[in-house]
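Tertiary structure, described
Each chain, letter by letter, is given below.
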Amino acid sequence: MFAVLLLLFCLLFLACAAAAAMVFSYKLGCLPENVLQTLLNDRLVAKGSVMGFVTTFFQVFLQKENLDDLVALLTKARVVNRLLDFMPPSKRSLEDFNAHFSAAGLGPLVEWNTRRE
């Protein structure tokens, strides 16, 4: 029973990431800094929940918009220089960031972040 509830929670969490990405990509007026800043909760980051959320968010957002729009959104949200902070502490390295987001099909984001570093 607990496993089923946990699975449902995870699916709902990822659906929220997709919905948030669509809201931002359609520029419906929601302020990204209010949403993205709240994700930097130490407990959620440590569990890896935030990494899953931002991965889905980036994937869905980049289906509609381009990388420059994503970078502008992250800049507006004041998290563009804190992308590694979304990773759990044990995986908070550029190599882990690159491996995770490359595997998720976000190669352009990885290339941009590598050039920026």
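Residues numbered from 1 in each chain as written. Predicted model: local features only at pLDDT ≥ 70, side-chain atom pairs only at ≥ 80, totals over all residues. Heavy atoms only, no water.

**Here we look at the packing of helix α4 (residues 49–64) against helix α5 (residues 67–76)**
Quick reminder of the rule: Axis definition: a line fit to C-alpha positions, over the contact stretch in the case of helices; interaxial angles, taken between N-to-C directions, run 0 to 180 degrees. We count a stretch as a helix when DSSP gives it H or I for four or more residues in a row; a strand needs E for two or more, and each element gets its number in order from the N terminus. Any angle from 65 to 115 degrees is called roughly perpendicular, while one under 35 is roughly parallel, one over 145 is roughly antiparallel, and all others are oblique. Handedness of each helix crossing follows the sense of rotation of the near helix against the far helix: counterclockwise by less than a right angle gives left-handed, clockwise gives right-handed. Note on contacts: a residue pair qualifies if any of its non-hydrogen atoms lie within 4.5 Å across the two residues.
It is the contact of α4 with α5, at a shortest axis distance of 9 Å, that shows an interaxial angle of 130°. For the element pair α4 / α5, the angle class is oblique. In this structure, α4 crosses over α5, and the sense of that crossing is right-handed. Within the contact between the two elements, α4 uses Phe 57, Phe 58, Phe 61 and Leu 62 and α5 uses Leu 67, Asp 69, Leu 70, Leu 73 and Leu 74.

**Quick notes on the confidence of the model for the protein chain**
Worth spelling out the cut-off: The predictor attaches a confidence to each residue, called pLDDT, with possible values from 0 through 100.
Counting all residues, the mean pLDDT for the protein chain is 79, and 72% of those residues have values of 70 or more. Confidence scores differ between elements of the protein chain, with helix α1 (residues 2–25) showing the lowest mean pLDDT of 52 and helix α6 (residues 94–103) the highest of 96.

**A closer look at the pattern of salt bridges**
Selection rule: Basic side-chain nitrogens of Lys or Arg form a salt bridge, by our definition, when they fall within 4 Å of a carboxyl oxygen of Asp or Glu.
Overall, the coordinates contain two salt bridges when judged by the stated rule. The shortest N-O distance in the salt bridge between Glu 65 and Lys 64 comes to 3.9 Å. Note that Arg 82 and Asp 85 form a salt bridge whose closest N and O atoms lie 2.9 Å from each other.

**What to know about the nonpolar core**
To keep things clear, this is the line we draw: What makes a nonpolar core is a set of buried Ala, Val, Leu, Ile, Met, Phe, Trp, Tyr and Cys residues whose side-chain atoms join them at distances within 4.5 Å. In this scheme, a residue with accessible area under 20% of its type's maximum is buried, one over 50% is exposed, and one in between is partly exposed, where area comes from a 1.4 Å probe on protein chains only.
One finds Val 54, Phe 58, Leu 70, Leu 74, Phe 86, Phe 101 and Leu 109 to be the most contacted residues of the largest nonpolar core, which totals 29 residues. Elements represented by at least two residues in this core include exactly α4, α5, α6 and α7 (107–116). Examining the composition of this core, we find that seven residues originate from one element, α4, more than from any other.

**A look at the environment of Leu 94**
As for its placement among the helices and strands, Leu 94 is situated in helix α6. Residues Leu 94 and Leu 83, 11 residues apart in the sequence, show an inter-C-alpha distance of 9.9 Å. Excluding residues within four positions of it along the chain, Leu 94 makes contact with Leu 84, Asn 113 and Glu 117.

**Side note on the packing of aromatic side chains**
Basically, it comes down to this: Stacked, tilted and edge-to-face are the three classes assigned to paired rings of Phe, Tyr and Trp, where Trp is represented by its six-membered ring and a pair needs centres within 6.5 Å; plane angles under 30 degrees give stacked, over 60 edge-to-face, the rest tilted.
Counted according to the given criterion, the structure contains four aromatic pairs. On the numbers, 6.1 Å between centres and 15° between planes, the contact of Phe 57 with Phe 61 is stacked. With Phe 57 and Phe 61 both in helix α4 and four residues apart, this pair spans about one turn of that helix. Considered together, Phe 57 and Phe 61 belong to a single accessibility category, that of buried residues. Measuring from centroid to centroid gives 4.6 Å for Phe 97 and Phe 101, while their planes differ by 50°, and the two rings are tilted. On the criterion of helical spacing, the pair formed by Phe 97 and Phe 101 is a turn pair, its members being four residues apart in helix α6.

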